[in-house]
2 protein chains.
Amino acid sequence: MRLSTKGRYGVKAMFDLALHGGETPLSLKTIAERQEISEPYLEQLIATLRKAGLVKSVRGAYGGYLLARHPEQITVGSIIRSLEGSIAPAECVSEMDPIECERAENCVTRILWEKIRISIDNVIDSITLQDMINDYDEMCGQDNMYYI
Amino acid sequence: MRLSTKGRYGVKAMFDLALHGGETPLSLKTIAERQEISEPYLEQLIATLRKAGLVKSVRGAYGGYLLARHPEQITVGSIIRSLEGSIAPAECVSEMDPIECERAENCVTRILWEKIRISIDNVIDSITLQDMINDYDEMCGQDNMYYI
DNA sequence: ATAATCTTGACAATTTTACTCGGGTATGCT
DNA sequence: AGCATACCCGAGTAAAATTGTCAAGATTAT
Ligand code: FES
Ligand code: FES
């Protein structure tokens, strides 16, 4: 039940965009260096995020990436789901491509996997990038340092 | 965020023991056939469950496995955790072997992973094998058939 | 023009998963 | 005692997923 680096890096990159981004785009290089992610790898991930409509890209010199929406309108659920697919403990309870098991209608464990999936969904869909920024501000509020 | 077959088969096997087991032990072969799991593979898994103190074994002819405790005293959390390790979305928030990331004290995503982990823990620790049996009874209550 | 940057697709190393296999050990039954 | 039925243990292995790398092209500010 570990999230792969795709999902983890993706959230980190999106958080970086939410924290340091604004009107002017952030280059991939900047994000990759600050979050310590391999640049060519992040390239792949952010391409997925772009296709999912979570970031906008600006090509050419001084280009880069911008959040497609405001931080309070982007949930970590949408980020993780776009990079990892449905976060289902078993394929048969996936929202996107529910591969049916045989004997599915009589399967008790299926009920269990569904409960777990729903619980995860509830958490990740209820947390937005803005919530993370708030956590962040609270975390380094006293000394007013600018971490990461 | 998919559970591996270890966790899934483990829960299935334990549920089988809870449903069909009793005073006399169930042989590995019986469980493996009923749940459609490779017998030598299940052998590995149940060895882990035995070491975790979730099942007792009876060696020799007419031997097999028994639940170590009553179904209402065994949570699916304990089963999954013994087979898969801590169900942490990132290593740094694992309960068992929390491999610290660098910059951990300033990491915002860590708060997120922790929230996810806690939510999963809450679900799987609140569901026992007895709960699954109840779900099962309810599921095939009308026609009184004995599935699986 | 040119440098910076995104875009795309293919490729490769490493790790994990999901098993298999072979032989050993304990126990009930006849 | 001897045999069949089980559990017990450790090694090995093929396939899949993960985690990247790399090269060449397209776009745009300056
Ligand atoms: S595990 Fe998929 S229906 Fe039972
Ligand atoms: S991801 Fe582990 S501390 Fe940030």
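One can find the structure itself at the top, above this paragraph.
Note that the coordinates shown come from a computational prediction; the quantities given were computed from them, not determined experimentally.

So what's going on with the overall build of chain A? Which residues, and what values?
The secondary structure content of chain A amounts to 6 helices and 2 strands. Counted from the first residue to the last, chain A has its helices and strands arranged as α-α-α-β-β-α-α-α. Across its three principal axes, chain A shows a C-alpha extent of roughly 55 × 40 × 25 Å. Out of the 148 residues belonging to chain A, those deemed buried represent 48%. In the form shown here, chain A has an accessible surface area of approximately 7400 Å², with 48% of it arising from carbon and sulfur atoms. Averaging the locations of the 16 positively and 22 negatively charged side chains of chain A gives two centres separated by 5 Å.

Kindly report on the protein's contact with DNA strand C, identifying the contributing residues and their values.
Not every one of the 25 residues close to DNA strand C is listed here, only the nearest: Glu43, Arg50 and Ser57 of chain A together with Ser38 and Gln44 of chain B. Counting only the atoms of DNA strand C within 4 Å of the protein, the fraction contributed by sugar and phosphate is 66%. The backbone of Leu28 of chain A places a nitrogen or oxygen atom 2.9 Å from a phosphate oxygen of DNA strand C. Listed by contribution, the elements that provide at least two residues to the surface near DNA strand C are α3 (39–51), β1 (55–58) and β2 (64–67) of chain A together with α1 (5–20) and α3 (39–51) of chain B. Its residues placed into classes, the surface near DNA strand C shows 10 nonpolar, 11 polar and 4 charged.

Could you give me a rundown of the relation of the copies chain B and chain A, with the residues and numbers involved?
Of the transformation superimposing chain B on chain A, the axial component is 0.0 Å and the angular component is 180°, with the fit at an RMSD of 0.0 Å. What we have between these two chains is a two-fold relation. Residues of chain B ranked by C-alpha distance from the rotation axis are headed by Met1 of chain B, positioned 2.4 Å from it. An overlap of 100% is found between the interface residues of chain B and their copies at the interface of chain A, pointing to a shared contact surface.

Which residues make up the protein's contact with DNA strand D, and what values go with them?
If you check the shell around DNA strand D, you find 24 residues, and the closest are Ser38 and Gln44 of chain A together with Leu28, Arg50 and Ser57 of chain B. Here DNA strand D approaches the protein such that, of its atoms within 4 Å, sugar and phosphate make up 69%. At 3.3 Å, a side-chain N or O of Gln44 of chain B approaches a base nitrogen of DNA strand D. Secondary structure elements with two or more residues in the surface near DNA strand D: α1 (5–20) and α3 of chain A together with α3, β1 (55–58) and β2 (64–67) of chain B. Residue composition of the surface near DNA strand D, by class: 9 nonpolar, 10 polar and 5 charged.

Conventions adopted
- Residues numbered from 1 in each chain as written.
- Chains lettered and ligands numbered in written order.
- Predicted model: local features only at pLDDT ≥ 70, side-chain atom pairs only at ≥ 80, totals over all residues.
- Heavy atoms only, no water.
- Helix = DSSP H or I, 4+ residues; strand = E, 2+ residues; numbered from the N terminus.
- Buried < 20%, exposed > 50% of the residue type's maximum accessible area, 1.4 Å probe, protein only.
- Areas by Shrake-Rupley, 256 points an atom, 1.4 Å probe, with all protein chains shown as cover.
- Lys, Arg positive; Asp, Glu negative; His and termini not counted.
- Charge placed at Lys NZ, Arg CZ, Asp CG, Glu CD.
- Near = heavy atom within 4 Å.
- Polar contact = N/O pair within 3.5 Å; in protein donor to acceptor, adjacent residues only side chain to side chain.
- Nonpolar A, V, L, I, M, F, W, Y, C, P; charged D, E, K, R; others polar.
- Least-squares fit on C-alpha atoms with pLDDT ≥ 70 in both.
- Contact = heavy atoms within 4.5 Å.

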